[in-house]
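Close look at the chain arrangement
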Amino acid sequence: MSDSIVILVGTMTGTAEMVAEDMQAAIEEAGDHDVDIRLMDDLDATAFDDRDPVYLIVTSTYGQGEVPDNALDFFEALTEERPDLSGVRFGIFGLGDATYADTFNHGGERFEKVLKELGARQIGERHAHDASGTEMPEDTGVEWVKGWLGLLESDQQAA
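The sections below set out a description of the structure shown in this document. This is a predicted model, so every value here is computed, not measured. (Residues numbered from 1 in each chain as written. Predicted model: local features only at pLDDT ≥ 70, side-chain atom pairs only at ≥ 80, totals over all residues. Heavy atoms only, no water.)

Some points on the nonpolar core
- Ranked by internal contacts, the top residues of the largest apolar core, which has 24 residues, are L8, F48, F74, L78, F111 and L115.
- Listed by contribution, the elements that provide at least two residues to this core are β1 (5-10), β3 (54-60), α2 (69-81), β4 (89-96) and α3 (106-117).
- The biggest single contributor to this core is α2, with 5 residues.
- Beyond its immediate chain neighbours, meaning those up to four positions away, L115 contacts F48, I57, L78, L85, F90 and A120.
- A16, I123, V142 and L152 belong to the second-largest nonpolar core, a separate cluster that totals 22 residues. (Core = buried A, V, L, I, M, F, W, Y, C linked by side-chain atoms within 4.5 Å. Buried < 20%, exposed > 50% of the residue type's maximum accessible area, 1.4 Å probe, protein only. Helix = DSSP H or I, 4+ residues; strand = E, 2+ residues; numbered from the N terminus. Contact = heavy atoms within 4.5 Å.)

Digging into the packing of aromatic side chains
- In this structure the tally under the stated criterion is 6 aromatic pairs.
- Taken together, a centroid distance of 5.8 Å and an interplanar angle of 25 degrees make the contact between F48 and F74 stacked. Of this pair, F48 sits in the loop between β2 (35-39) and β3 while F74 sits in helix α2, and the two are 26 residues apart along the sequence. When sorted by exposure, F48 lands in the same class as F74, which is buried.
- Through a chain of ring-to-ring contacts, the aromatic side chains of F48, Y55, F74, F75 and F111 assemble into a single cluster. (Phe/Tyr/Trp six-rings, centres within 6.5 Å; stacked < 30°, edge-to-face > 60°.)

A look at the pairing of β3
- Across the 7 residues that make up β3, a large majority, 7, are buried.
- Alternating positions in β3 separate into two faces, V54, L56, V58 and S60 on one and Y55, I57 and T59 on the other, with burial throughout.
- Pairing of β1 with β3, which is carried by 6 bridges, proceeds in the parallel orientation. Bridging across to β3, V6 finds its partner in Y55. (Pairing = 2+ DSSP bridges.)

What follows is the structure in structure tokens.
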């Protein structure tokens with residue numbers, strides 16, 4: 001069994017949590033990783049630890065490009081306490097609505113920026129799902145995470 005993967009979920013309406021659950025099923029079906037889902041509600045800057053070096057951030061965007069309410073305290077703790085995340089690897093699946101062009105997918109983008117600033121290493125590109133498109137976020141999430149697992153495997157072999 002390879003590294004465990006922790007999916008951290010920032011959501012307002014529950015869509016990101018549904019996407020995370022479908023991603024968890026796809027990862028478990030692949031058979032190489034244990035997966036745990038954690039809502040960001042009660043997380044703080046210690047949420048990233050050495051026992052779980054691989055994380056997936058699944059988050060929506062809210063309001064004027066903010067992270068969702070349940071992720072706000074966690075995000076602020078990361079930006080204020082600035083933990084060393086140099087041992088952490090992560091991927092990001094963001095949800096947003098492109099009809100709000102000025103703030104589209106900023107929730108995921110904001111997490112991407114702070115995690116990189118804190119030394120975490122991103123695996124693959126941040127995915128920006130568009131709610132105004134025709135694809136269901138759960139379907140897109142499963143497709144994306146399967147490709148992301150291949151990138152993670154390549155990264156582990158290179159290490």
